[in-house]
Amino acid sequence: HQLGRLLLARGDLDGAEKLYRESLKMKRKVFGEDTPHTEVATTLHNLGRVLHDRGHLDGAEKLYRECLEMYRKVYGEDTSHANVART
């Protein structure tokens, strides 16, 4: 996950996307495919950012919405948690 952030900061969108997708797959395997978890949500957000930066806005929106839904499940619908607010 952190290596994906580094590659994103360097502008290596291909490399960052690949690593975020690998990280997402591993985290879903560890935490469960249908289990909401902040680690999964954060990776969804970061992968969405990569797609956003690449101009793949529909894909980015889908990931951002999935991230937001997951954060709301973790923190509650009416929360004012920073992770929910920034998504």
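The structure we're discussing is the one just above.
These numbers come from a predicted model, not from an experiment.

A. Molecular detail of helix 2 (residues 13–31). An ideal rise of 1.5 Å per residue puts 27 Å on 19 residues; helix 2 measures up with 26 Å between its terminal C-alpha atoms. Check the buried side of helix 2 and you find it contacts helix 1 (2–10), helix 3 (38–54) and helix 4 (57–75). Looking one or two residues past helix 2, glycine 32 carries a phi angle of roughly 105°, positive in sign.

B. Structural view of the packing of helix 1 against helix 2. Two elements in contact, helix 1 and helix 2, have axes separated by 8 Å at closest approach and are oriented at 165°. As judged from the angle between their axes, helix 1 and helix 2 are roughly antiparallel. The two elements helix 1 and helix 2 meet at a crossing, and its hand is left-handed. Across the interface between the two elements, Leu3, Gly4, Arg5, Leu7 and Leu8 from helix 1 touch Leu13, Gly15, Ala16, Leu19 and Tyr20 from helix 2. The class makeup of the residues in the contact of helix 1 with helix 2 is seven nonpolar, two polar and one charged.

C. Local environment of the environment of glycine 4. Locating glycine 4 in the fold gives a position in helix 1. Linking glycine 4 and glutamate 22, residues 18 residues apart in sequence, is a C-alpha distance of 9.8 Å. With near-sequence residues (within four places) excluded, glycine 4 lies in contact with Ala16, Leu19 and Tyr20.

D. The arrangement of the pattern of salt bridges in detail. Following the criterion strictly, the structure yields eight salt bridges and no others. Among the salt bridges present, the one from glutamate 17 reaches arginine 54, with a minimum N-O distance of 2.8 Å. Of this pair, glutamate 17 sits in helix 2 while arginine 54 sits in helix 3, and the two are 37 residues apart along the sequence. Residue classification places glutamate 17 among the buried positions, given a relative accessible area of 15%. The residue arginine 65 makes a salt bridge to glutamate 61 at a minimum N-O spacing of 2.8 Å. Pair noted here: arginine 65 and glutamate 61 are both in helix 4, with a separation of four residues, about one helical turn.

E. Highlighting the nonpolar core. Ala16 and Leu44 are the most contacted members of the largest nonpolar core, which has 16 residues in total. Sorting the residues of this core by element identifies helix 1, helix 2, helix 3 and helix 4 as the ones contributing at least two each. When residues of this core are assigned to their parent elements, the largest contribution, six residues, is made by helix 3. Setting aside its immediate chain neighbours within four residues, leucine 44 contacts Leu24, Arg28, Leu63, Glu66, Cys67 and Met70.

What counts and how
Residues numbered from 1 in each chain as written. Predicted model: local features only at pLDDT ≥ 70, side-chain atom pairs only at ≥ 80, totals over all residues. Heavy atoms only, no water. Helix = DSSP H or I, 4+ residues; strand = E, 2+ residues; numbered from the N terminus. Expected span 1.5 Å × (residues − 1). Contact = heavy atoms within 4.5 Å. Axes fitted to C-alpha atoms, helices over the stretch in contact; angles between N-to-C directions. Parallel < 35°, antiparallel > 145°, perpendicular 65-115°, else oblique. Left-handed = near helix turned anticlockwise from the far one by under 90°. Nonpolar A, V, L, I, M, F, W, Y, C, P; charged D, E, K, R; others polar. Salt bridge = Lys/Arg side-chain N within 4 Å of Asp/Glu carboxyl O. Buried < 20%, exposed > 50% of the residue type's maximum accessible area, 1.4 Å probe, protein only. Core = buried A, V, L, I, M, F, W, Y, C linked by side-chain atoms within 4.5 Å.

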